[in-house]
Amino acid sequence: MASLDRVKVLVLGDSGVGKSSLVHLLCQNQVLGNPSWTVGCSVDVRVQDYKEGTPEEKTFYIELWDVGGSVGNASSVKSTRAVFYNSVNGIILVHDLTNKKSSQNLYRWSLEALNKDSSPTGVIISNGDYDREQFAENPVPLLLIGTKFDQIPENKRSEVLTRTAFLSEDFNAEEINLVTCFPLSLQMTGFTDRKRFNFKSLHYD
Amino acid sequence: MSFLVDSVIMFTSQVLFFGFGWLFFMRQLFKDYEVRHYVVQVVFSVTFAFSCTMFELIIFEILGALSSSSRYFHWKLNLYVILLVLIFVVPFYIGYFVVSNIRLLQRQRLLFACMVWFTFMYFFWKLGDPFPILSPKHGILSIEQLISRVGVIGVTLMALLSGFGAVNCPYTYMSYFLRNVTDSDILALERRLLQTMDMIVSKKKRIAMTRRQMYQRGEDQNKQTGFWGMIKSVTSTQTGSENLSLVQQEVDALEELSRQLFLETVDLQATKERIEYSKTFQGKYFNFLGYFFSIYCVWKIFMATINIVFDRVGKTDPVTRGIEITVNYLGIQFDVKFWSQHISFILVGIIIVTSIRGLLITLTKFFYAISSSKSSNVIVLVLAQIMGMYFVSSVLLMRMSMPLEYRSIVTEVLGELQFNFYHRWFDVIFLVSALSSILFLYLAHKQAPEKHMAL
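Every value quoted in this text rests on a predicted model; they were computed, and no experiment measured them.

### Examining the overall build of chain A
1) Next: Along its length, chain A carries six helices and seven strands.
2) Next: Along the chain direction, N to C, the helices and strands of chain A fall in the order β-α-β-β-α-β-α-α-β-α-β-β-α.
3) Next: Across the 205 residues of chain A, 51% fall into the buried class.
4) Next: Counting only contacts in chain A whose residues sit at least 6 apart along the sequence, the fraction spanning at least 24 positions is 69%.

See the structure below:
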């Protein structure tokens, strides 16, 4: 059991976008009935068969570190959160499709996480400004997930989708949009076999 | 003709205040959320605009700007609008948004919102009973009834906030109270936090692997049907699931521990930053201010106690008293009327500006601390309500700081309220709030180093 390789993935995003529900769904295969604010960091583990059915099949533990965004953004909180950002293999950025500000804040989140994890090539981040080239050379793969797709009224959906397409281009990331409805159950839009698609993009080789 | 000019001036200033409230809402309060209900924004800005207009009218009163009849008219108009907003509009919308958040009542939102509003009105009315705020010559549906109740709530809020603020201000400014935090303390805590996280991860891995194996085994055993098959499958996996629930409990306990460790680390980091800040020039300046404020706080508590014990209410305002003292004791002669107008203008202006600024900053802090994307609308409306009541009662209490000739307009407009009661009530609540803040801060301060040592 312990001999399986570990993969550490951060799940970042503003407070209330659905990170804990997402992590719970991926790991426990059931819906989180009573979501409450995440204080600090909550970890969950998923056993994943990589390249299932092929000769290179390998089983991994995927640790999803869900870093809570609700304690605030004071510099003391930021420096405490930084302890969670060590040796990260992948980052999932979650934003709420009904709330534009949560998408804009993703730049800040990704810079915070990547700053801590700067590669030896010396990615210099100056005064927090976002720069597309930094993301292009980034060795850590990013996945962009938008939640609460069904809460957007019909006529605004295409506008939201174009906006998020730009966002994922900026991050050089893959993008998935999720549906939530009462009670909070997540279904992917347009993808039937979710297990295989979801984690392929997290393993970079 | 002059009435028209005056009204235009008032209207432009109201539009300006409305714009300021709108900007404040967009830039400060709601900078992390997307505004979907413009009603909330409008209501907030309207409350802010009309509250500021009241202050503006006081200033005009002192300066003697605009004609006296138009001033009186605008006072009355403003008062009616503010009361309308504070008692009808804002509570109704609060009820509406609270009800919208509850899933069960979604469909009959309006009905339930009205019910909530009626409950609010009932309690609001009942609030007036234990207080001797009205003289018996008032009817039941007069404006004084409403103002008196609004005044009680507002004065309580003001006293609570100033009591806490008076104690908290020196506590935060002075570095005497800062705990000693070293880098190694923080590193040790962070290491413990990461260790706890690793333990959680390894236990969860066990759970996940066991569940996966059970699932795989369960598929093989699926062929067992019937009563005995069920019993067999239950007993064979019994030990597995017992183990699981034990490990799950351990995980829950560890997660609770990790949350506490996280919060403590945040606390220590914040203290360390404050220590660094206190070594800078600005920090030293604030430290110095802190000593002054602590003396001021002690003096205020002392005065409040004296007022209550000796049952005295100040008859003259500080401006006239100050001028009297200078004229009588120091023998300096100057034109009393001229100076009293200007000095009271400055004094009242300072009071107004600092109270608005202080309130907005406090509101922003509260909002950041407690709001989430679901409840942000409700919280903003509650804050608008508090702000309106606060401003109305500051007008009430400010009457004491103005010389006699300016008090008359406030007395005229607000009606025959028992103003002395409000001052007494303010003193009582201020005393209670200040003493309990001292107690609370003392306990929190004592408890923290012990927690820290025990690690």
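Right, picking up where we left off after that structure.
### What about the overall build of chain B?
1) Next: Along chain B, the regular secondary structure elements total 14 helices and zero strands.
2) Next: Scanning chain B from its N terminus toward the C terminus, one meets helices and strands in the order α-α-α-α-α-α-α-α-α-α-α-α-α-α.
3) Next: Residue pairs at least 24 apart in sequence account for 80% of intrachain contacts in chain B once pairs closer than 6 positions are excluded.
4) Next: Carbon and sulfur atoms form 67% of the exposed surface of chain B, whose accessible area is close to 25,600 Å².

### Points about the packing of helix H3 (residues 68–101) of chain B against helix H4 (residues 109–126) of chain B
Residues and elements named next belong to chain B.
1) Next: Running from amino to carboxyl end, H3 crosses H4 at an angle of 130 degrees, the nearest separation of the two axes being 8 Å. Here H4 runs oblique to H3, going by the angle between their axes. At the point where H3 passes H4, the crossing takes the right-handed sense. The segment H3 lies against H4, with Ile-87, Phe-88, Pro-91, Phe-92, Gly-95, Tyr-96, Val-99 and Ser-100 engaging Arg-109, Leu-110, Phe-112, Ala-113, Cys-114, Val-116, Trp-117, Phe-120, Met-121 and Phe-124.
2) Next: Taken together, the residues that form the contact of H3 with H4 break down as 15 nonpolar, two polar and one charged.

### Observations concerning the packing of aromatic side chains
1) Next: Across all of its chains, the model carries 17 aromatic pairs over all chains by this definition.
2) Next: Arranged with centres 5.6 Å apart and planes meeting at 80 degrees, the rings of Tyr-96 of chain B and Phe-97 of chain B form a pair that is edge-to-face.
3) Next: Using a relative accessible area of 21% as the deciding quantity, one classes Tyr-96 of chain B as partly exposed.
4) Next: Each member of the aromatic cluster is reached from another via a ring pair, and the members are Phe-92, Tyr-93, Tyr-96 and Phe-97 of chain B.
5) Next: In this structure, Lys-8 of chain A is placed above the aromatic ring of Trp-65 of chain A, and the distance from its NZ or CZ to the ring centre is 4.1 Å.

### Some remarks on helix H1 (residues 19–28) of chain A
Every α-helix carries 3.6 residues per turn, so stepping three or four residues along brings you back to the same face.
1) Next: Most of H1 of chain A is tucked away: eight of the ten residues are buried.
2) Next: Looking at H1 of chain A, one finds that the buried residues are Lys-19, Ser-21, Leu-22, Val-23, His-24, Leu-25, Leu-26 and Cys-27 of chain A.

### Describing the packing of helix H5 (residues 143–173) of chain B against helix H9 (residues 281–309) of chain B
All names here are of chain B.
1) Next: At a minimum axis distance of 8 Å, the contact between H5 and H9 shows a crossing angle of 150 degrees. The angle between H5 and H9 places the two elements in the roughly antiparallel class. In the crossing of H5 with H9, the sense of the turn from one axis to the other is left-handed. Across the interface between the two elements, Ala-166, Val-167, Cys-169, Pro-170 and Tyr-173 of H5 pack against Phe-286, Asn-287, Leu-289, Gly-290, Phe-293, Ser-294 and Cys-297 of H9.
2) Next: Considering only residue class, the contact of H5 with H9 consists of nine nonpolar, three polar and no charged.

### What to know about a nonpolar patch on the surface
Residues and elements named next belong to chain B.
1) Next: Residues Met-1, Leu-4, Val-5, Val-8 and Ile-9 make up a contiguous nonpolar surface patch of about 510 Å² in total accessible area.
2) Next: The residue Ile-9 is located in helix H1 (residues 2–29) in this model.
3) Next: The class for Ile-9 is partly exposed, based on a relative accessible area of 35%.

### So, the environment of Ile-356 of chain B
Residue and element names in this part refer to chain B.
1) Next: Among the secondary structure elements, Ile-356 is positioned in helix H11 (residues 336–370).
2) Next: Since its relative accessible area comes to 16%, Ile-356 is described here as buried.
3) Next: Remark: the alpha-carbon pair of Ile-356 and Ser-51, spanning 305 residues in sequence, is separated by 9.8 Å.
4) Next: With residues up to four places along the chain from it excluded, the contact list for Ile-356 reads Phe-48, Cys-52, Phe-55 and Phe-391.

### Some details on the confidence of the model for chain A
1) Next: Per-residue confidence for chain A gives a mean pLDDT of 66, with 61% of residues at or over 70.
2) Next: Throughout residues 118–129 of chain A the model reports pLDDT below 50, and contacts reaching past four residues in sequence, or to other chains, amount to ten contacts.

### A short note on the pattern of salt bridges
1) Next: Per the stated rule, a full pass over the model turns up seven salt bridges over all chains.
2) Next: The shortest N-O distance in the salt bridge between Asp-44 of chain A and Lys-204 of chain B comes to 3.8 Å. Pair noted here: Asp-44 of chain A is in strand E2 (residues 41–50) and Lys-204 of chain B is in helix H6 (residues 183–220), and the two residues belong to different chains. Judged on exposure class, the residue Asp-44 of chain A and its partner Lys-204 of chain B are both buried.
3) Next: Between Asp-183 of chain B and Lys-272 of chain B there is a salt bridge; the shortest N-O distance is 3.1 Å. Of the two residues, Asp-183 of chain B sits in helix H6 while Lys-272 of chain B sits in helix H8 (residues 238–278), which places them 89 residues apart along the sequence.
4) Next: Overall, the relative accessible area of 47% leaves Asp-183 of chain B in the partly exposed class.

### Notes on the confidence of the model for chain B
A low pLDDT score tells you not to read the predicted coordinates there in detail.
Residue and element names in this part refer to chain B.
1) Next: When the pLDDT values of chain B are averaged, the result is 77; 82% of them are 70 or greater.
2) Next: Per-element mean pLDDT across chain B ranges from 63 in helix H7 (residues 226–236) up to 85 in H1.
3) Next: For this predicted complex, the interface confidence comes out at an ipTM of 0.74, alongside a pTM of 0.68.

### Things to note about the pairing of strand E4 (residues 90–96) of chain A
Residues and elements named next belong to chain A.
1) Next: Of all the seven residues making up E4, seven are buried; the element is thus mostly covered by neighbouring parts of the structure.
2) Next: Residues of E4 alternate between two faces, with Gly-90, Ile-92, Val-94 and Asp-96 on one and Ile-91, Leu-93 and His-95 on the opposite face, all of them buried.
3) Next: Both strand E1 (residues 5–12) and E4 contribute to a ladder of four bridges, which runs parallel. Paired with Val-11 across the two strands is Ile-92, which belongs to E4.
4) Next: Examined bridge by bridge, E4 and strand E5 (residues 142–147) share six bridges and lie parallel to one another.

### So, the interface of chain B and chain A
1) Next: Counting residues at the interface gives 32 residues for chain B, matched by 35 residues for chain A.
2) Next: The junction of chain B with chain A conceals about 3,000 Å² of combined surface from both sides, 62% of it contributed by carbon and sulfur atoms.
3) Next: Taken together, chain B and chain A are joined by two salt bridges.
4) Next: With a closest N to O distance of 3.2 Å, Lys-205 of chain B and Glu-63 of chain A form a salt bridge.
5) Next: For the pair chain B and chain A, the interface holds two residue pairs in polar contact (both at pLDDT 80 or more).
6) Next: At the level of secondary structure, the elements contributing two or more residues to the side of chain B that touches chain A comprise H6 and H8 of chain B.
7) Next: With twelve residues, the top contributor of residues to the side of chain B that touches chain A is H6 of chain B.
8) Next: Looking at side-chain class alone, the side of chain B that touches chain A contains 13 nonpolar, six polar and 13 charged residues.

The rules we used
Residues numbered from 1 in each chain as written. Chains lettered and ligands numbered in written order. Predicted model: local features only at pLDDT ≥ 70, side-chain atom pairs only at ≥ 80, totals over all residues. Heavy atoms only, no water. Helix = DSSP H or I, 4+ residues; strand = E, 2+ residues; numbered from the N terminus. Buried < 20%, exposed > 50% of the residue type's maximum accessible area, 1.4 Å probe, protein only. Contact = heavy atoms within 4.5 Å. Areas by Shrake-Rupley, 256 points an atom, 1.4 Å probe, with all protein chains shown as cover. Axes fitted to C-alpha atoms, helices over the stretch in contact; angles between N-to-C directions. Parallel < 35°, antiparallel > 145°, perpendicular 65-115°, else oblique. Left-handed = near helix turned anticlockwise from the far one by under 90°. Nonpolar A, V, L, I, M, F, W, Y, C, P; charged D, E, K, R; others polar. Phe/Tyr/Trp six-rings, centres within 6.5 Å; stacked < 30°, edge-to-face > 60°. Lys NZ or Arg CZ within 6 Å of the ring centre and 35° of its normal. Patch = residues over 30% accessible without salt bridge, like charges linked within 9 Å, V, L, I, M, F, W, Y side chains within 5 Å. Salt bridge = Lys/Arg side-chain N within 4 Å of Asp/Glu carboxyl O. pLDDT = per-residue confidence, 0-100. Pairing = 2+ DSSP bridges. Buried area = accessible area lost by both parts, 1.4 Å probe. Polar contact = N/O pair within 3.5 Å; in protein donor to acceptor, adjacent residues only side chain to side chain.

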